[in-house]
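# Notes for the structure review
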Amino acid sequence: MIFTSLNFLCFFSLLLFAVRIVASQKVKLNLLLFASLIFYGAWNLWFVPLLVLSSTIGWFLGQKIIASNSAGGKRFYLVLSIALGLGVLGFFKYANFFGANIAALMGMEWIILDIILPVGISFFTFQNLSYTIDLYRGTIKPCDSLSKYILFVSFFPQLVAGPIVRASEFLPQLDRDIQLKARNLLIGGQIFLGGAIQKVLIADNLSGFVDHIFSNPSLYSGGTLWLAMFAYSMQIFCDFSGYTLMAIGAARVFGFSLPENFRMPYISLSVTEFWRRWHISLSTWLRDYLYISLGGNRKGEFRTILNLFITMLLGGLWHGASWNFVVWGAFHGIGLGLHKYWVMFRASFLPGNWHLTLIWKLFSWILTLIFCCVLWIPFRSETFGNSVVYIARMFSFSDGVRWIHPDIILLLGISVCWHVLFALNSKILSGFPTMNPLSSRNISIFFSILLLILMFAPINSSPFVYFQF
Amino acid sequence: MANDLKTPIFFLVVKILVIPLIILLIAEAFTRIFITSPANTKFDSELLWVYLPNTTLFRSHEGGARLKLNSFGMNDDELPSTKQRHRVLVLGDSFTLAAQVERSRNFVSLTNDQLKCVRLINGGRDALQPFQLPIIRNRLKEPLQIDSILLVLNKNDIFGIKSKLITARNNAGQLEWKNITYQKSTVRELLDPVMRHSALATVLTRRLNEVTMPEPRPKSAPRQIDAEQKELVAELLRTMSSADDVRILFLPFLSYEEDRRVVVVEETKMAWNVLSEVAGRFNIPVVSAEIYFKESYERTGQPAAGFPNQVLGALHLNESGHAAAAAALTTLYGDHCN
């Protein structure tokens, strides 16, 4: 069930109605839990027990960590929770990848295991892990109710593609009254609509072009490949950030706040800044639970850079079991390391405020943008070989089929304007959402959006890119 | 007090009515400039629909040429009443109509430029069914003073020729074309005038059509042409060539692979084999544009068919394809001009 489907609209309306007529707080929570499991079961009913079991184990081990009197006992239960979480994730997501690579190294043949990847497993595993790690570190209080905990892990807006919600952010919200308020309905509805526009009007309309080019890059001219690279960069942003906005909006309707996940990443002036703006809930998760656990920046310059590299490498692998993702993560790790060195070098040998000049900022922006966009090529390519062919043809400006479509350029232009508008004045955007749906401005906006969706939304909406992770 | 209450409600109603109206007008203008012209067809009991004469044809999703149809509703210039050249009526589907390229760049015009002895007249029509070929020929032959016919066919015409709607067996067991009479539906009666005046309504109706259309057939093994289809192709060519001098241009579907390899789609091969064999039986000259498309791709690096954002190599001919098809036609009619 995807957010932009009629099924979801019916499901959501029914849930709203049910929550509205029920008075008991406990029943409301159970309704949300039940609805979340139905939402998940709509993909594959057989994985609902996996979700419930994995949450139950997470909760149970959390209780054990708290109940343990000794540091050794606490550590034992933490390690057990990490091992179980990563074990399940590893089996479903990486068994074939590692199996095939190890078999290849040993000169053997790997028989591909027929494993279906449960949707959202990477997301709910990380939520479980963050809970037990936080309990171990003593930064949060344990959740007293199993059903509340399962709802925290399985809450349908964020279940399959994030944002990755921390227990410290979400569990306290489950202790508050769930009341459907007009204000939340309006604000949530507007945020949801904003996300839907990004998804169906921009991302889905870019996907047709992108799919053609990436399926056979050897056929197309260098110019076309450059255009497709930028188109994919915008597609993945609009797709993922659109999904996140819809998740935030849907949660908001019930009065829940989910964390911000994107902050116009393509206006970044460095790779470091890009990761502060792109998939924020993942990058902060990796920072807090992996980078810091590896020693962070507390063990000298070299270890800091190495820790960054390892974190990004594993972050890449988190996205999928393929060398393409490993390469993507590794290069981002190298980019972050180089930027760290550059900042240190600049502070020591090139003092002054020259790096704040407009021309330097422009240079930094172009460099960062191209670096991040080029790295989307391995991320999107079907095979590692395709990535190599793509990048080689792109930089050699090879001859080939010129497949440059004005619609794509127009859509890219619109997306760029959206970023520039945000960069120039984020106050413009803080005008949204608004409380008066019948103001002239809002009637115009809503009617225009409706018309745009009717005219331009693809009939068969593509699945969200991040569902595969 | 009463006034205080009434005024906002009045303005609210005005606002709710006027603002969408203004947006609709803007959308209509936007649609006409960037997306499509209003629908330009009218109901026809034999052909289901025909193009309205002297109307504009513009669809931006492929190509984006803005064409003015002539007084016969054809994508061609007005014909002089006195005939100066041998007139060839070109009958085919949307590949022949060529709504995607400027008129001067389609294969009919390019051939006319190259061959001064014949005047090809574009009788192309969207979604043409083979059974409609004799009907269109009969309607246009006299008014346009046609001397001969050129059929432009592709694999879809051969594979799609079998239909219970259009064929029946007579008492002798032979296949025959059925005379079809369409009835105008109430929906059509209601929508036609709106669509003829509004490009926006045209777009929205087409989108509604897309929603209600069945899912496309999943890719599977190539279909086969059975004996009945072959018999129908023969019947069609016999009908067309019995009264006129007929020639055929076959447009192949090609697949563009890595390293500039071009592969002929399997179904195209089958259709071509059947067509060339049956045409031979009736001594109808026939040419395939295959080598011309391949040569053009080799030379320009651009495929003959397809537009950006559509499937590469499929769908309609682009300018490269039209030029290559014109080269094929020059060969086909070369003897005529010698």
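In what follows, the accompanying structure is described. Because the structure is a prediction, the values reported are computed rather than measured.

Moving on: the overall build of chain B. Each helix and strand in chain B was counted, giving twelve helices and 13 strands. The principal-axis extents of the C-alpha atoms in chain B amount to approximately 90 × 55 × 50 Å. Counting only residues that meet the buried cut, chain B has 50% of its 338 residues in that class. With an accessible surface of roughly 16800 Å², chain B has 57% of that area assigned to carbon and sulfur atoms.

In this section: the interface of chain B and chain A. Opposite the 36 residues of chain B that make contact, chain A presents 32 residues. Buried surface at the junction of chain B and chain A, both sides included, amounts to about 2600 Å², of which 66% is carbon and sulfur. At the junction of chain B with chain A, the criterion picks out zero salt bridges. Where chain B touches chain A, the interface holds two residue pairs in polar contact (both at pLDDT 80 or more). Mapped onto the side of chain B that touches chain A, the elements with two or more residues apiece are helix 1 (2-34) and helix 7 (199-212) of chain B. When residues of the side of chain B that touches chain A are assigned to their parent elements, the largest contribution, ten residues, is made by helix 1 of chain B. Partitioned by chemical class, the residues of the side of chain B that touches chain A number 21 nonpolar, seven polar and eight charged.

Turning next to the layout of surface pockets. A water-sized probe rolled over the atoms picks out the places where empty space is left. Residue and element names in this part refer to chain A. Considering only enclosed or pocket space, the second largest pocket measures out at about 1200 Å³ in volume. Along the wall of the second largest pocket there are 36 residues; nearest its centre are Thr 4, Leu 9, Leu 193, Ala 196 and Ile 453. Among the elements that take part in the lining of the second largest pocket, helix 9 (residues 182-215) stands out by supplying nine residues, more than any other. For the lining of the second largest pocket, the residue count by class is 27 nonpolar, eight polar and one charged.

Among the surface-exposed residues, B:Ile9, B:Phe10, B:Phe11, B:Val13, B:Val14, B:Leu17, B:Val18, B:Ile22 and B:Ile26 lie close enough to one another that they form a single nonpolar patch of about 860 Å² accessible area. Looking at the secondary structure, you find B:Ile22 in helix 1.

A:Trp278, B:Phe107, B:Leu150 and B:Leu249 are the most contacted members of the largest nonpolar core, which totals 83 residues. For this core, the element with the most residues is helix 10 (residues 222-253) of chain A, which contributes twelve residues. Ignoring any residue separated from it by four or fewer positions in sequence, one finds B:Phe107 in contact with B:Val90, B:Phe95, B:Thr96, B:Val152, B:Leu249, B:Leu317, B:His322, B:Ala325, B:Ala326 and B:Leu329. By size, the runner-up hydrophobic cluster in this structure holds 79 residues, among which are A:Phe47, A:Phe97, A:Cys143 and A:Ala196.

A side chain of one charge can pair with a side chain of the opposite charge when the charged atoms of the two come close. Per the counting criterion, the structure on display carries 27 salt bridges over all chains. Residue A:Arg166 pairs with A:Asp288 through a salt bridge whose shortest N-O separation is 2.9 Å. Of this pair, A:Arg166 sits in the loop between helix 7 (156-159) and helix 8 (167-170) while A:Asp288 sits in helix 12 (residues 280-291), and the two are 122 residues apart along the sequence. The two residues A:Arg166 and A:Asp288 agree in class, both being buried. Salt-bridge contacts for B:Arg32 lead to B:Glu28; the nearest nitrogen and oxygen are separated by 2.7 Å.

Residue and element names in this part refer to chain B. For strand 6 (residues 118-122), a buried count of five out of five residues is recorded, marking the element as mostly surrounded by other parts of the structure. What you see with strand 6 is no split at all: Val 118, Leu 120 and Asn 122 on one side and Arg 119 and Ile 121 on the other are buried throughout. Note that strand 5 (residues 86-92) and strand 6 share five bridges and pair parallel. Looking at the pairing, Arg 87 lines up with Arg 119 of strand 6.

Rules of the game
Residues numbered from 1 in each chain as written. Chains lettered and ligands numbered in written order. Predicted model: local features only at pLDDT ≥ 70, side-chain atom pairs only at ≥ 80, totals over all residues. Heavy atoms only, no water. Helix = DSSP H or I, 4+ residues; strand = E, 2+ residues; numbered from the N terminus. Buried < 20%, exposed > 50% of the residue type's maximum accessible area, 1.4 Å probe, protein only. Areas by Shrake-Rupley, 256 points an atom, 1.4 Å probe, with all protein chains shown as cover. Contact = heavy atoms within 4.5 Å. Buried area = accessible area lost by both parts, 1.4 Å probe. Salt bridge = Lys/Arg side-chain N within 4 Å of Asp/Glu carboxyl O. Polar contact = N/O pair within 3.5 Å; in protein donor to acceptor, adjacent residues only side chain to side chain. Nonpolar A, V, L, I, M, F, W, Y, C, P; charged D, E, K, R; others polar. 1 Å grid on protein atoms, 1.4 Å probe; cavity = no way out; pocket = protein on both sides within 12 Å on 5 of 7 lines; lining within 4 Å. Points joined across faces, edges and corners; volume = space filled by probe spheres on them. Patch = residues over 30% accessible without salt bridge, like charges linked within 9 Å, V, L, I, M, F, W, Y side chains within 5 Å. Core = buried A, V, L, I, M, F, W, Y, C linked by side-chain atoms within 4.5 Å. Pairing = 2+ DSSP bridges.

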